[in-house]
Amino acid sequence: MSDPEGPEDPMPRGRYSLHDPHDHTPLGEEHFHCAPGPSGWRYVSQITAPSGDHAGSVDLAIDELGRPIRLELHAASWQVRGAAIDGVTWVRTDPTGTHATEGNVPAHAFTGTSPAFLIATTRLLRLTPGSPATRVRLVAFTDPVLAPRTIDQSWALLKSEAHATDNGPLMVDEYQVNALDTGEQHHIHIAGDVVLAAPGLELEQLETPPSTFP
């Protein structure tokens, strides 16, 4: 996928704060830019620890159907590269670089702590307000060592509402997400390709309005 940045379509850039969703311990910040492109959507970010030290990075590209065509994660010297191949397939490399392990699961996509995965899942599911909840199987890479774990969730789009802003109305989608293994339920608010609020993260800064998908 080519870099979607260009003078006619500025990439939204901003900063999320990350915290533990249960006790709200600060976990750092994620500085990102993202935009739709000719073949889908791309998100690139750098993650910093509360100390300000570099803690990792995310590079995710999805196709027009929401499938991951390239994923590259870095955290604590661990690295994951993955894509949607026969389900989802990935290679995880340890800090020494001497042992690479491959994985493959009949799942729909990847997930993790980055807001990028929430946007990607909504693009994959294409839900409409009031429609029944949709079940999705994802491979989650958990920090700090990017250990893979297969999870099942159900997603429902509760409502889409226009909110007035300085740049005109902004459509905000509210999703309800259920973890099918624990029964835990939470809500996510998304505008275009930016997450406004979700468990464990808050949008702190946004330099340009969110991009809208065709």
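The notes below deal with the structure included here. Throughout, residues of each chain are indexed from 1 in the direction in which the sequence is written. Residue-level local features of this predicted model are given only where pLDDT is at least 70; pairs of side-chain atoms are given and counted only at 80 or more, and the full residue set underlies all totals for whole chains, interfaces and linings. Only hydrogens and water are set aside when side-chain values are computed; all heavy atoms of the structure are taken into account.

### A word on the layout of surface pockets
Lining residues are those with an atom within 4 Å of a point, where the points come from a 1 Å grid over the protein atoms alone and group into cavities, where a 1.4 Å probe fits but cannot get out, or pockets, open sets with protein on both sides within 12 Å along at least five of seven lines. Grid points are joined across faces, edges and corners, and a volume is the space filled by probe spheres set on the points. In this structure, the largest pocket encloses a volume near 1200 Å³. Lining the largest pocket are 45 residues, and of these Pro21, Gly112, Thr113, Thr142 and Pro199 sit closest to its centre. Looking at the lining of the largest pocket, the element that brings in the most residues is strand E11 (residues 147-165), giving 5 residues. We call Asp, Glu, Lys and Arg charged. Ala, Val, Leu, Ile, Met, Phe, Trp, Tyr, Cys and Pro are nonpolar, and the rest, Gly among them, are polar. For the lining of the largest pocket, the per-class residue count stands at 24 nonpolar, 14 polar and 7 charged. As a volume, the second largest pocket reaches approximately 470 Å³. Lining of the second largest pocket is provided by 25 residues; of these, Met171, Asp173, Ile190, Ala191 and Gly192 occupy positions nearest its centre. Only DSSP runs of H or I covering at least 4 residues are called helices, and only runs of E covering at least 2 are called strands; the numbering of each starts at the N terminus. Of all the elements in the fold, those that place two or more residues in the lining of the second largest pocket are helix H1 (115-125), E11, strand E12 (168-179) and strand E13 (185-191). Sort the elements by how many residues they give to the lining of the second largest pocket and E12 lands first, with 6 residues.

### With respect to the pattern of salt bridges
The term salt bridge refers to a pairing of a side-chain nitrogen on Lys or Arg with a carboxyl oxygen on Asp or Glu at a separation within 4 Å. On inspection of all chains with the given rule, the structure shows 9 salt bridges. Between Arg137 and Asp152 there is a salt bridge, and its shortest N-O distance comes to 2.8 Å. In this pair, Arg137 sits in strand E10 (residues 134-142) while Asp152 sits in strand E11, placing the two residues 15 residues apart along the sequence. Per-residue accessibility, obtained with a 1.4 Å probe over protein chains only, is compared with the maximum for each type, and a residue is labelled buried under 20%, exposed over 50%, and partly exposed between these values. Asp152 sits in the buried class, given a relative accessible area of 16%. Several salt bridges converge on common partners, so that one network encompasses Arg42, Asp59 and Arg70.

### Regarding empty space enclosed by the protein
For the structure on display, the rule yields 1 cavity of 30 Å³ or more. Roughly 40 Å³ of volume is contained in the largest cavity. If you trace the largest cavity, you find it lined by Leu60, Ile62, Gly66, Pro68, Ala109, Phe110, Phe117, Ala120 and Thr121. When residues of the lining of the largest cavity are traced back to their parent elements, those giving at least two are strand E4 (54-63), strand E9 (109-111) and H1. The biggest single contributor to the lining of the largest cavity is H1, with 3 residues.

Remember, this is a structural readout, not a statement about activity or role.
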